[in-house]
Amino acid sequence: MIIVRNLTKSFPSGQRVLDRISFQADEGELVALLGASGSGKTTFFRCLMLKEKWNDGQYIYDGKDISGTGAWEKFRLNKQWAYLEEKPSLNLKKTALKNVLSALLFKKSWWRFLTNSVSEDDHMEAMDYLDKVGLLDKAHEPVEKLSGGEKQRVAICKALIKGAKVIFADEPVSGLDPEAASLVMQDFKSICQKHKLLVFCSLHQVELAEKFGSRIWGLSDGKLVVDIAGRRLTQREKELIF
Ligand SMILES: Nc1ncnc2c1ncn2[C@@H]1O[C@H](COP(=O)(O)OP(=O)(O)OP(=O)(O)O)[C@@H](O)[C@H]1O
């Protein structure tokens, strides 16, 4: 699904943040990305979402070379990608259901977009997704009343209803207590398998990466120093990353 060869990124200051990173990642994979603070995890995701210009490298997505692609192609690809942040961007005053439905904006026909109408099918689909992440009974609650983990799960539903094929989750469980963090990670794992998505998830917690990642990557000094199937990391691997 994604093949990257020699991704290199430097900022104008001259700092090289990503150094010739190469990988192949496929649908159904939950890639847990570990790295110390400032190791370049966010920059890496931003490069993969084409929000940052690459200095070098080749990017193949769904069999097509999209290195140096134009604005229209980026717009089209952005519909297939979702970016989830530590603090999900949600309308706090609106209900969980309305937040999920808002992600349909770009999928609707122009007529329904202009009249802001929601079909019975849209409604059912949104409720189905909320049900899948255990939030059916919170569908009509304003998001400001939901916990951090529940807000993150609403953001996951938004990504699903938008039809995202790849999710970039940037430290989605930072600030959550261990139980809420596990629930969110469990949701990522199940949607990844069920909907055949590719999920990249940056984490600081090694245990969560070991428990939920189908693959674990370690980023250090701009390089992918660890790329293994999900399992317990050895002491040596931890030392390479941190
Ligand atoms: N727009 C920018 N201009 C210049 N330097 C930047 C820019 N964005 C990030 N950097 C630098 O790139 C390096 C990597 O930053 P990045 O945010 O990608 O790391 P991170 O691994 O996501 O960190 P954290 O875990 O703390 O969120 C840092 O040294 C940062 O200062």
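Rules behind the numbers
Residues numbered from 1 in each chain as written. Predicted model: local features only at pLDDT ≥ 70, side-chain atom pairs only at ≥ 80, totals over all residues. Heavy atoms only, no water. Pairing = 2+ DSSP bridges. Helix = DSSP H or I, 4+ residues; strand = E, 2+ residues; numbered from the N terminus. 1 Å grid on protein atoms, 1.4 Å probe; cavity = no way out; pocket = protein on both sides within 12 Å on 5 of 7 lines; lining within 4 Å. Points joined across faces, edges and corners; volume = space filled by probe spheres on them. Domains from an automatic or database assignment. Near = heavy atom within 4 Å. Polar contact = N/O pair within 3.5 Å; in protein donor to acceptor, adjacent residues only side chain to side chain. Areas by Shrake-Rupley, 256 points an atom, 1.4 Å probe, with all protein chains shown as cover. Buried area = accessible area lost by both parts, 1.4 Å probe. Salt bridge = Lys/Arg side-chain N within 4 Å of Asp/Glu carboxyl O. Buried < 20%, exposed > 50% of the residue type's maximum accessible area, 1.4 Å probe, protein only. Phe/Tyr/Trp six-rings, centres within 6.5 Å; stacked < 30°, edge-to-face > 60°.

## Focus: the sheet that holds strand S4 (residues 56-61)
In step 1: An order of S2-S1-S4-S5 is seen for the four strands of this open sheet, with the pairing classed as antiparallel. Two strands close off the open sheet at either side, each with one partner strand: strand S2 (16-25) and strand S5 (64-65).
In step 2: By the bridge criterion, five bridges tie strand S1 (residues 2-10) to S4 in an arrangement that is antiparallel. Note that in S4 the partner of valine 4 across the bridge is tyrosine 59.

## With respect to the layout of surface pockets
In step 1: As a volume, the largest pocket reaches approximately 590 Å³.
In step 2: Taken together, 22 residues make up the lining of the largest pocket; nearest its centre are Trp81, Ala82, Tyr83, Lys158 and Lys162.
In step 3: When residues of the lining of the largest pocket are traced back to their parent elements, those giving at least two are helix H2 (71-78), strand S6 (81-84) and helix H6 (148-162).
In step 4: Lining the lining of the largest pocket are residues from two domains, each supplying at least three of them: domain 1 (1-80 + 166-177 + 202-242) and domain 2 (87-164).

## Considering the site of the ligand
In step 1: In the vicinity of the ligand there are 13 residues, among which Ser37, Gly38, Lys41, Thr42 and Thr43 approach most closely.
In step 2: Between an oxygen atom of the ligand and a side-chain N or O atom of glutamine 15, the distance comes to 2.9 Å.
In step 3: Between serine 39 and the ligand, the recorded distance is 3.2 Å, taken from a backbone N or O atom to an oxygen atom.
In step 4: Look at the ligand: alone it shows 640 Å² of surface, and the protein chains cover 60% of it.
In step 5: Here the shell around the ligand gets three residues from one element, more than from any other, and that element is helix H1 (residues 41-48).

## Looking at the domain arrangement of the chain
In step 1: Here the chain is partitioned into domain 1 (1-80 + 166-177 + 202-242) and domain 2 (87-164).
In step 2: On a C-alpha basis, the centres of domain 1 and domain 2 stand 27 Å from each other.
In step 3: Here domain 1 packs against domain 2, burying approximately 590 Å² in sum over the two surfaces, 64% of which is carbon and sulfur.
In step 4: Seen at the junction of domain 1 and domain 2, the total is zero salt bridges.
In step 5: The interface formed by domain 1 and domain 2 contains two residue pairs in polar contact (both at pLDDT 80 or more).

## Let's talk about the pattern of salt bridges
In step 1: If you walk through the whole model with that rule in mind, you get 15 salt bridges.
In step 2: Glutamate 52 is paired through a salt bridge with arginine 46; the nearest N and O atoms lie 3.1 Å apart.
In step 3: Across the pair lysine 64 and glutamate 73 runs a salt bridge whose closest N-O atoms are separated by 3.1 Å.
In step 4: The class for lysine 64 is partly exposed, based on a relative accessible area of 43%.

## Some details on the packing of aromatic side chains
In step 1: What the rule picks out here adds up to 14 aromatic pairs.
In step 2: Geometrically, the ring pair formed by phenylalanine 23 and phenylalanine 44 is edge-to-face, given 5.9 Å between the ring centres and 80° between the ring planes. Of the two residues, phenylalanine 23 sits in strand S2 while phenylalanine 44 sits in helix H1, which places them 21 residues apart along the sequence.
In step 3: Take phenylalanine 23: its relative accessible area is 6%, and that puts it in the buried class.
In step 4: Judged by relative accessible area, phenylalanine 44 falls into the buried class, the value being 0%.
In step 5: For the ring pair phenylalanine 200 and tryptophan 217, a centre distance of 5.8 Å and an interplane angle of 50° mean the geometry is tilted. Here the residue phenylalanine 200 occupies a position in strand S8 (residues 198-203), and tryptophan 217 occupies one in strand S9 (residues 215-220), the gap between them amounting to 17 residues. Just as phenylalanine 200 is buried, tryptophan 217 falls in that class too.

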